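Residues per chain are reported as follows:
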Amino acid sequence: MQTFIPDSIKNTPEGQEGDRILRKCVHCGFCSATCPTYQLLGDELDGPRGRIYLIKNLLEGKSADSNTQRHLDRCLTCRACETTCPSGVEYGHLLDIGRGISEERILRSFKDRILRYGLGKIIPDRKWFSVLLKTGQFFRPLLPPKLAASIPEKKHAQAWPSVRHRRKMLILEGCVQPALMPSTNLATARVLDALGITLVRVPEAGCCGAVNQHLAQTEATMAHMKRNIDAWWPLIEAGCEAIVITASGCGTMVKDYGYLLRNDPVYAEKAARISDLCRDLIEVIEKEDLSCLSLKPDQRKIVFQSPCSLQHGQKLGGRVEALLKQIGYAPSPVRDSHLCCGSAGTYSILQSDIAEQLRDNKLKHLTADQPDVILTANIGCQQFLQQKTAIPVLHWIELLERNLKIS
Ligand code: SF4
Ligand code: SF4
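What you are looking at is a predicted structure, and each value in this text was computed from that prediction instead of being measured.

Now for the sheet that holds strand β1 (residues 167-171). The strand order across the open sheet built from 4 strands is β2-β1-β3-β4, with neighbouring strands paired in parallel fashion. What marks the edges here is a single partner per strand, and that holds for β2 (197-201) and β4 (278-280). Sheet twist, expressed as the mean angle between neighbouring strand axes with direction ignored, is 40 degrees. Looking at chain direction, strand β3 (residues 243-245) and β4 are connected through 3 bridges and run parallel. Among the inter-strand pairings, Ile245 is bridged to a residue of β4, identified as Asp280.

Here the focus is the site of ligand 1. Among the 15 residues in the neighbourhood of ligand 1, the closest are listed as Cys25, Cys28, Cys31, Cys85 and Val89. Mapped by element, the contributors of at least two residues to the shell around ligand 1 are α4 (48-59) and α6 (80-84). The residue makeup of the shell around ligand 1, split by class, is 10 nonpolar, 4 polar and 1 charged.

Attention now moves to the packing of α4 against helix α7 (residues 91-105). Where α4 contacts α7, the axes come no closer than 9 Å and their chain directions differ by 45 degrees. When the interaxial angle is binned, α4 and α7 end up oblique. Where α4 crosses over α7, the two elements pack in a sense that is left-handed. Every residue of α7 that contacts α4 at Pro48, Arg51, Ile52, Leu54, Ile55, Leu58 and Leu59 is listed here: Tyr91, Leu94, Leu95, Ile97, Gly98, Ile101 and Ser102. Looking at side-chain class alone, the contact of α4 with α7 contains 11 nonpolar, 2 polar and 1 charged residues.

On to the environment of Leu260. As for its position among the elements, Leu260 is in helix α16 (residues 257-260). Sequence separation between Leu260 and Ala271 is 11 residues, and the spatial gap between their C-alpha atoms is 8.5 Å.

Taken together, 13 residues lie near ligand 2, and Cys35, Pro48, Cys75, Cys78 and Cys81 sit nearest. By residue class, the composition of the shell around ligand 2 is 9 nonpolar, 2 polar and 2 charged.

What follows deals with the domain arrangement of the protein chain. According to the domain assignment, the protein chain contains domain 1 (7-107), domain 2 (167-285) and domain 3 (293-402). Here the C-alpha centroids of domain 1 and domain 3 sit 28 Å apart. In this complex, domain 1 contributes 13 residues to the contact, which on the side of domain 3 involves 13 residues.

On to unusual backbone geometry. At Thr77, a position not held by glycine, the phi torsion is positive, near 60 degrees. Checked against the element boundaries, Thr77 lands in the loop between α5 (66-73) and α6. We classify Thr77 as buried; it has 22 C-beta atoms within 10 Å. Of note, Lys315 is a non-glycine position whose phi angle comes to about 55 degrees, a positive value. As for its placement among the helices and strands, Lys315 is situated in the loop between α19 (308-313) and α20 (319-326). Since 12 C-beta atoms lie within 10 Å of it, Lys315 is described here as exposed.

Turning next to the packing of helix α14 (residues 218-237) against helix α17 (residues 268-277). At a minimum axis separation of 10 Å, α14 and α17 run at an interaxial angle of 75 degrees. Here α17 runs roughly perpendicular to α14, going by the angle between their axes. Residues Met225, Ile229, Trp232, Trp233 and Ile236 of α14 form the contact with α17, whose own contacting residues are Lys270, Ala271, Arg273, Ile274 and Leu277. Taken together, the residues of the contact of α14 with α17 break down into 8 nonpolar, no polar and 2 charged.

Let us now look at the nonpolar core. Of all hydrophobic cores here, the largest spans 104 residues; its most connected members are Ile243, Val244, Ile245, Val254 and Trp396. Considering every element that reaches this core, the biggest residue donor is helix α12 (residues 182-194), with 6 residues. With residues up to four places along the chain from it excluded, the contact list for Val244 reads Met169, Leu170, Ile171, Thr188, Leu199, Arg279, Leu281 and Val284.

Moving on, we come to the sheet that holds strand β5 (residues 302-304). Ordered in space as β5-β6-β7, the 3 strands form an open sheet in which the pairing is parallel. The open sheet terminates on both sides in strands that have one partner only, identified here as β5 and β7 (393-395). Ignoring which end each strand starts from, the neighbouring axes of this sheet average 35 degrees apart. As paired elements, β5 and strand β6 (residues 373-376) share 3 bridges and run parallel to each other. Note on β6: the bridge partner recorded for Ile302 is Val373.

Parameters and conventions
Residues numbered from 1 in each chain as written. Chains lettered and ligands numbered in written order. Predicted model: local features only at pLDDT ≥ 70, side-chain atom pairs only at ≥ 80, totals over all residues. Pairing = 2+ DSSP bridges. Helix = DSSP H or I, 4+ residues; strand = E, 2+ residues; numbered from the N terminus. Axes fitted to C-alpha atoms, helices over the stretch in contact; angles between N-to-C directions. Near = placed C-beta within 6 Å. Nonpolar A, V, L, I, M, F, W, Y, C, P; charged D, E, K, R; others polar. Parallel < 35°, antiparallel > 145°, perpendicular 65-115°, else oblique. Left-handed = near helix turned anticlockwise from the far one by under 90°. Contact = placed C-beta atoms within 7 Å. Domains from an automatic or database assignment. Buried ≥ 20, exposed ≤ 12 C-beta atoms within 10 Å, placed from the backbone. Core = buried A, V, L, I, M, F, W, Y, C linked by C-beta atoms within 7 Å.

In structure tokens form, the structure reads like this:
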């Protein structure tokens, strides 16, 4: 794609990067076929190719208004278009650049600004989120059914395995997961402990930064990334072999630290090392010898919902399903498994109509074979799907942990 970016923009890091990415796009439109918002809304500007044109216009300094912002807001950042694109267009990075420019140039309504500010402050803050969640759980019986369904029931965390192995890995506990679903990281720690690996928690680390990144809040994103790097670095130097992430959305983000901080004179090198050490849980478990666990699969019928961040963001599609088959389960096939469930960070709050349509479609396909349990690999998808189904939605590691018979 030819670009005409004025020097004032082209000579900035975003301008150069945007230009590089835009030039790869040959506007073939293959990506539209796999874009969930294009499929639902049928508007070229709600598909990747249309959004790429809008971002090109922004970079070329052409006039833009709230319509531009609306079409960019409606993007789920699911990156299905990246998986489809034959030219290797890094749409996710281009979208971040476009959203950054659009935030600077186009003033949002007061209500929108307050909502986005609040989401960017509360969700990534573990303490604030926990207080709000506990308040919601306390008043749950008094709330309207739709609102009550969005508040998960209280979960109790059990004891974390003690430090006892030579092999050590760090875990990103994240922001919302410890409050919403403490059982996921605990199950991870117990399975890894049984495999001879101690999982180390680092309380000084927190949100990966993805929530603020999706809201185009660059300063807050950078602050989260740098705080995590500072918190992890001494343990990396002490020999921790990996940073394990149990939420694929967060894993996608941490794997991008090296890219996002590539121009930072202080953090570039450390960020690249952190990204290099970052592993989704499946990348850790699939490499270990599981025979010592004597896993005894039960008879339950299972289905796996592959989060976009796992299959498109990290290109790890099919890996969890393969592991589940290896240990004796038979996950049901899922129609349109490449499409987003609608959760997508804060998307389910900010674009609830589209998100709910996507969830309905996803649940229809996930439950076609009447499973006893739905498995996933990302807390956002887990919570969002669970709000609309009585079938338990679990992280896949919990299924392994429940079948654990350590020999
Ligand atoms: S992003 Fe890729 S698939 Fe989409 S129009 Fe551009 S080159 Fe084609
Ligand atoms: S990231 Fe997802 S929603 Fe956004 S343009 Fe690409 S396929 Fe469509």
